[in-house]
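Spelled out from the first residue to the last, the chains are:
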Amino acid sequence: MSSASRNFPPWLSGRALPLLVLAAGLALSLGLWQREHAEAQARLRLGFDASLREASLRVEQRMAAHELLLQGVQGFLHAHGPQDRLRLYVDSLPLGADFAGLQGLGLAEWRAAPGRATMTLLEPGVRRNLAALGVDLMADPLIRPALELARDSGRMALSDRFDLQGVKLGKQVGFLALLPVYAPELAPQSVEERRAALRAWVVAPVAMPELMASLYGELAPGLRLELFSGTEPRASQRLFASERRPAAATLMQGQEYLVLGGQTWTLLLQADGAFAPAQGLQDARQVLVAGVLASLLLSLLSWALGSSRERAHALARDMTAALRRSEQRWAFALEGAGDGIWDWEMPSQKLSTSPRWKSIMNLPDASAEPNMSQMLAGIHGDDRMRVQAEFQHCLDGLVPAVALEYRIADGQGGWRWVLVRGTVVERDGQQRPLRMLGTLSDIQARRESEERVRFMASHDPLTELANRAHFQERMNYSLANARRYHETLGLILLDLDRFKPINDQFGHAVGDQLLQTVAKRLKNAVRETDTVGRIGGDEFVVLLTGPVTRDSAQVVADKIFNQLAMPMEIAGLHLELTCSLGLAIYPEDGQDELSLTKAADDAMYRNKRAGRAWMGNGELRGP
Amino acid sequence: MIRDGIKNRVWVAGLLLGVAGVAHAGDGPDCSRPLTLALHDHGLLYSAETSSGIDKDIADELVRRSGCRLQVSLLARARIWQLIESGGLDFSLSGIGSPERDKFAAFAWYFSNKYYLLARRDAQLQRIEDFERNPALKLGVIRSFRYSESANRLVDSLGAQQRVIHSSGLSALFAALGSGQIQAMIIEPFDYPTLESARIREFSQILEFGDQPIPHGLIMSRVSLSESEQGKWRALVESMLRDGTVQRIFEKYFKPDLARAMVSF
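Read on for a plain summary of the structure. (Residues numbered from 1 in each chain as written. Chains lettered and ligands numbered in written order. Predicted model: local features only at pLDDT ≥ 70, side-chain atom pairs only at ≥ 80, totals over all residues.)

## A few points about the overall build of chain A
Within chain A one finds 17 helices and 21 strands. For chain A, with 623 residues in total, the buried portion stands at 32%. Of the contacts formed within chain A by residues at least 6 apart in sequence, a portion of 58% connects residues at least 24 apart. (Helix = DSSP H or I, 4+ residues; strand = E, 2+ residues; numbered from the N terminus. Buried ≥ 20, exposed ≤ 12 C-beta atoms within 10 Å, placed from the backbone. Contact = placed C-beta atoms within 7 Å.)

Put into structure tokens, the structure is as follows:
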């Protein structure tokens, strides 16, 4: 469906196949229905034609039967002549229902002189038939042509329709069937011979309603039959109608001309809606209904099948989108927190990283993903082994995760502290790691902040010299070290002379700058391994470590004294300052902090009392 | 089927074979049983009113030459074909073949003719095709009649549209054409005497189908007559053609040129 979706407009997307199936199904149904309908129509037409044909046949056969009857009388007269025996013959005929409509069989004798055809016999001799005796048939213009036709052709002729009351046989529509009787000895062959040989006519009055009623008791449902005299189906010429009520909506209509005994009858057959069901027309509609239903069901089914796939695709798209959104959220959260993400696939040794990760690692965004060896090379040498070991522990499953702080090259010759966290997220059946995920945080600022806090806790904020606590800690450490390794230490105490008057006179700002200048000169005067501290307002202390002798210490003290004695330019003021110093050497002047400090303090005060000069180990040397 | 005017008549031929010099005793048809032949009332072929016509003359000649006893009836054409198919009738005359009829009937041709459409002038036809195009027009035909190829196609096409009205006799069709119940009918040269009527000429026109003349002949039932008997009767008809008997019969009813054209096929 995805390809279909690309090929169809949006409104058709997902509906193309069902619509196609529906269209094909409907077209097929319509085609089948049309074919079935055409066949049904053909069957209907054939059925109707057969009914029309059958109706014609019935009339023709009935009239043929009547003719045979008349020929029987004709033959009897040829053979026997006398009429009295004809009565016996007629009486013996089986004139039952098969000859319904036949009012009797009789004879009209021809009297050439007056030109009359007088009824002289009509059997059975019931009262009604006896009334017809003596009637001159030639006098009736509707009968006369038939008499003449029968006479000239030698065949049976039928009169036109007329009211049988005309021959005194009751009021009913009917006709006369006439067959000539010639002189038996003449056997005429031409019209002239027949006219000369004519003796009489066999006469059979037929009542039309009775005749037709006996024929069409089994007319198919929905059919209406009418019989007319002549070729025009006019009501005035109607001989018979199977139903008195008007025809219902006519579905089909057909007519056939019957030429009978010189008369033409028109048989009109009409079919209404009741005729169609028997011919299978409803089946055609059922085909259409069934076809439409089947098409709809197929279309529905194809829609269900097609849309289920579409729905699955939609679900997959939703899930993918949700996953992508989730990834974006996590990435944003992590990136927002300043962390980079890394994904390490062990089998391929492929490392996938986020932009932030590259930023922390000083790699351009567009750079290729680094491999693990490049990663290790960028780690500070002091940290590398530790990092490798911790990662290996995690990969081996000894620890569930790693969280390591180490330094990496910052690309500018310096180092940057980072925090890496990681865990193995996928292992194979042998618990071998397959994939490891983790984050990388830049903790340089944090580390610097922590360093500053530690520095501030152990140093004098004005001079950035070790404060009393830090100095004591360093001194205790150095004493323990010296004690252990039998080394010497030197401790110098000093305070500034006349600092207070300067501070009072020029203000704290000048005093603070003076103290900072003193601190710098102190640091410059000692070795890097020595420790300088500020333990009071204008009191400083210097711890000399390493191989220290009293002489070397004295040199340092002299250097300090001289440095501090140099003039200072502070805030436009030219200041000169002196200090008082006291020196003590471990282990000679004291074995511990207290004794050593006391020895240095005593020496300093001795010097101070001695007139501002100073002498190592308390000895006065003179200025 | 219509048995209007059924009339059994017997023409008894002379018992002397070879009277016409055509066949001798050993080669003639089998006359050991009464044979049946039916005529149909159709213009000059046979007129029931006068009991005369071409077919009756042909039948008389067949009786005379074969020496057989033929029981002749007058039947409707449709009934004749039914009886020929069932074997209830041995012969009829002036029949034309068709693939369907050839299955149950054999023929011995003795003339051919064309078919024409006799149509009312108020149908306003220029060509025969115009008739089929106008659904209001109806065609009258004798039931069971077949014609030339184009005429058959027209009849079948109109029949499927219920535009054909059947009749058991020709006279009814002329009457229906005159009264406007039908607008056309198919005619043959045998119907010319009726066309001589001035009234019919006034309101009608004749259109040609353009097909080749269709052979007509003696119809023999394959059911009742063996192949060898059919051959003997066919030889009899051919002898009538060869010696000019058929042409002489036709010349009684048609002008000599038309008669010669009809029997020369």
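Still more ground to cover, so stick around.
## A short note on the overall build of chain B
Broken down by element type, chain B carries 10 helices and 11 strands. Considering chain B as a whole, with its 265 residues, one finds that 49% of them fall into the buried category. A sequence separation of at least 24 residues applies to 78% of the contacts in chain B between residues at least 6 apart.

## Some remarks on the pairing of strand β6 (residues 198-207) of chain A
All names here are of chain A. Burial analysis of β6 places 8 of its 10 residues in the buried class, the great majority of the element. Note: strand β1 (residues 105-111) against β6, 4 bridges, orientation antiparallel. What sits directly across from G106, in β6, is V203. Both strand β5 (residues 173-182) and β6 contribute to a ladder of 9 bridges, which runs antiparallel. Counterpart to Y182 in the pairing with β6 is L198. (Pairing = 2+ DSSP bridges.)

## Description of the sheet that holds strand β9 (residues 184-187) of chain B
Pairing within the open sheet is mixed, and its 9 strands lie in the order β8(A)-β7(A)-β10(A)-β9(A)-β8(B)-β7(B)-β9(B)-β6(B)-β10(B). The outermost strands of the open sheet, each flanked by one partner alone, are β8 (238-241) of chain A together with β10 (204-208) of chain B. Direction aside, neighbouring strands of the sheet carry axes that sit 25° apart on average. Where strand β6 (residues 116-120) of chain B lies against β10(B), 5 bridges are found, and the strand directions are antiparallel. Looking at β10(B), one finds that L118(B) is bridged to I206(B). (Axes fitted to C-alpha atoms, helices over the stretch in contact; angles between N-to-C directions.)

## Focus: unusual backbone geometry
Trans peptide bonds make up most of the peptide bonds, and negative phi angles are found at most residues other than glycine. Residues and elements named next belong to chain A. Between E123 and P124 the backbone carries a cis peptide bond, its omega angle lying at 0°. Inspection of the secondary structure puts P124 in the loop between β2 (116-123) and α4 (127-131). A cis amide bond links Y586 to the next residue, P587, at an omega of 0°. Within the secondary structure layout, P587 lies in the loop between β21 (579-586) and α17 (593-609). Phi is positive for Q431, which is not a glycine, with a value near 65°. Along the chain, Q431 turns up in the loop between β14 (415-427) and β15 (433-442). By the C-beta count within 10 Å, which is 9 here, Q431 ends up exposed.

## Digging into the sheet that holds strand β13 (residues 401-409) of chain A
All names here are of chain A. Pairing in this open sheet of 5 strands is antiparallel, and the strands run β12-β11-β15-β14-β13 from one edge to the other. Every other strand in the sheet has two partners, leaving β12 (350-353) and β13 as the edge strands with one partner each. Here the strands of the sheet are splayed against their neighbours by 25° on average, with no regard to which way each runs.

## Some thoughts on helix α2 (residues 16-80) of chain A
Here α2(A) spans 93 Å end to end across 65 residues, near enough to the 96 Å set by a 1.5 Å rise per residue. Just past α2(A), the residue G81(A) takes up positive phi, approximately 75°. (Expected span 1.5 Å × (residues − 1).)

## A short note on the interface of chain A and chain B
On the chain B side, the residues contacting the 25 residues of chain A number 24 residues. Elements with a minimum of two residues in the side of chain A that touches chain B: α2, α5 (144-153) and β9 (252-260) of chain A. It is β9(A) that provides the largest number of residues to the side of chain A that touches chain B, a total of 8 residues. Taken together, the 2 bridges between β9(A) and strand β8 (residues 164-167) of chain B define a ladder with parallel strand orientation.

## Observations concerning the environment of F209(B)
Residues and elements named next belong to chain B. Within the fold, F209 resides in the loop between β10 and β11 (214-221). Taking C-alpha positions, F209 is 8.2 Å from S148, a pair spaced 61 residues apart along the chain. Setting aside anything within four residues of it in sequence, one finds F209 in contact with Y115, Y116, L117, I128, S148, S150 and A151.

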